[in-house]
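# Tertiary structure, described
Chain residues, written in single-letter form:
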Amino acid sequence: KLQSCSTMLNYQIHKNLTNVKWVNIFSPWERQRAYFAVLVWFVVIYPFCCLCQLAPFVLFFTGQWVFLAVYAAWYYYDRDAPRRGGYRDNWFRRMSLHRWFADYFPIRLHKTAELDEKQNYLFGYHPHGILGVGAWSCFGIGMIESSKESIEYVLNSEEKGRAVVIVVGGAAEALEAHPGKHTLTLANRKGFVREAIKTGAHLVPVYAFGENDIYKQVNNPEGSMLRKMQEWGKSKIGISLPLIYGRGYFQMALGLLPINTSVNVVVGKPIPVTKSLTASQELVDQIHARYMEELSDLFDEHKERFGVAKETRLIFQ
């Protein structure tokens, strides 16, 4: 039996190695620049952002006290900026690199209704996936802190036509991000509804078909040892750690780059919300239930168009 298993494993390894699809260095320029954009994000920008989170610890443990003092002073001076809209960098927002990044998958936005420029909106983006690439490419023109103070600062502005996009499922939903799976962490997530009521922002459900397909995740069913470890880590540091793999830098078989599969972001019709500073739990539950119904209808209406089987249902947990 052991010999049989070994033979099968050797066969699978040999099969994978012989079927490796290599990157075509002579592909059209449009394809090469899209690949370049993904490399920039996953080799330069994303690792740099992660390293910035560790900067205070690096400065502390390496004894760089002058730089640490300057960092601390700026942090104190700028502590309210994340809750006050942050800093808008139009040059960075307009870089062609972002369009090239979207073309890699490709990521496409589909509207199903018009939005009123005199009204503010709160978009709920689903599913979270591993990185939320559809949310970044379609809506990531500016990033703010995901706190109620930050959301209310933007949506209570006298300037209308503003929108805040929240990837509602968060770290918990990332652990459900398996190809072909459509499970959302939403049944008990009602804070975004409460913020919509407090600001009078209309709710807009958004579903991204293909968001869960850009990475493959090691199987982690509820109750498994891996899932328990991931849940423990999430409870301690607030970040889930899904074990993922995609494609490589020079081949398509295995690596940490995302798989270039289509992501279609469908924006639903707005759900009217009347502003109230003292919303009852009954009202929150009522609007939340309608939101889930509208999101489910949006999913059912467009799923076959984007390659999801007719019998597939959206699961809320």
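If you're wondering where the values come from, they're calculated on a predicted model, not measured in any experiment. (Residues numbered from 1 in each chain as written. Predicted model: local features only at pLDDT ≥ 70, side-chain atom pairs only at ≥ 80, totals over all residues. Heavy atoms only, no water.)

## Quick look at the overall build of the protein
What the protein contains, in helices and strands, is 11 helices and nine strands. In terms of overall dimensions, the protein is globule-like: its C-alpha atoms have a radius of gyration of 22 Å, near the 20 Å expected for 317 residues. Overall, the C-alpha framework of the protein stretches about 70 × 60 × 45 Å when taken along its three principal axes. Out of the 317 residues in the protein, the part that is buried amounts to 39%. In the protein, once contacts between residues fewer than 6 apart in sequence are set aside, the share between residues at least 24 apart is 79%. Carbon and sulfur atoms provide 59% of the accessible area of the protein, an area that totals close to 19,300 Å². (Helix = DSSP H or I, 4+ residues; strand = E, 2+ residues; numbered from the N terminus. Rg over C-alpha atoms; globule rule 2.2 N^0.38 Å. Buried < 20%, exposed > 50% of the residue type's maximum accessible area, 1.4 Å probe, protein only. Contact = heavy atoms within 4.5 Å. Areas by Shrake-Rupley, 256 points an atom, 1.4 Å probe, with all protein chains shown as cover.)

## A look at the sheet that holds strand β3 (residues 163-167)
Taking strand neighbours across the sheet as the criterion, the five strands line up as β1-β8-β5-β2-β3 in an open arrangement whose pairing is mixed. For this open sheet the edge positions go to β1 (107-111) and β3, each flanked by a neighbour on one side alone. Between one strand axis and the next, the sheet turns by 20° as a mean value, whatever way the strands run. Across the sheet, helix α7 (residues 148-155) lies against β2 (121-126) and β3, angled at about 150° from β3, the strand it touches most. (Pairing = 2+ DSSP bridges. Axes fitted to C-alpha atoms, helices over the stretch in contact; angles between N-to-C directions.)

## Quick notes on empty space enclosed by the protein
The method is simple in principle: a probe with the dimensions of a water molecule rolls over the atoms, and the space it marks as empty is what remains. Tallied over the entire structure, the rule returns one cavity of 30 Å³ or more. Roughly 50 Å³ of internal volume is contained in the largest cavity. Considering the residues around the largest cavity, the lining is formed by P127, G180, K181, H182, Y207, A208, F209, G210, E211, N212 and D213. A class-by-class count of the residues in the lining of the largest cavity yields four nonpolar, four polar and three charged. (1 Å grid on protein atoms, 1.4 Å probe; cavity = no way out; pocket = protein on both sides within 12 Å on 5 of 7 lines; lining within 4 Å. Points joined across faces, edges and corners; volume = space filled by probe spheres on them. Nonpolar A, V, L, I, M, F, W, Y, C, P; charged D, E, K, R; others polar.)

## Overview of the UniProt feature "transmembrane region" (unreviewed entry) in the protein
In the numbering adopted here, UniProt assigns the feature "transmembrane region" (unreviewed entry) to residues 34-51 and 58-77. Secondary structure over residues 34-51 splits into 100% helix and 0% strand, and the C-alpha atoms at its two ends are 25 Å apart. (UniProt positions renumbered as here; feature names shortened; annotations may be inferred.)

## So, the pairing of β3
By the alternation rule, side chains of β3 split into V164 and I166, which are all buried, and A163, V165 and V167, of which none is buried. By the bridge criterion, five bridges tie β2 to β3 in an arrangement that is parallel. Residue Y125 lies in a different strand from β3, and its bridge partner there is V167.

## Some points on the layout of surface pockets
Of the voids in this model, the second largest pocket is the one considered here, and its volume is about 260 Å³. Along its surface, the second largest pocket is lined by 13 residues, and V23, N24, S27, Q32 and Y35 are the ones closest to its centre. Here the lining of the second largest pocket takes five residues from helix α2 (residues 29-61), the largest share from any one element. Across the lining of the second largest pocket, the residue classes break down as seven nonpolar, four polar and two charged.

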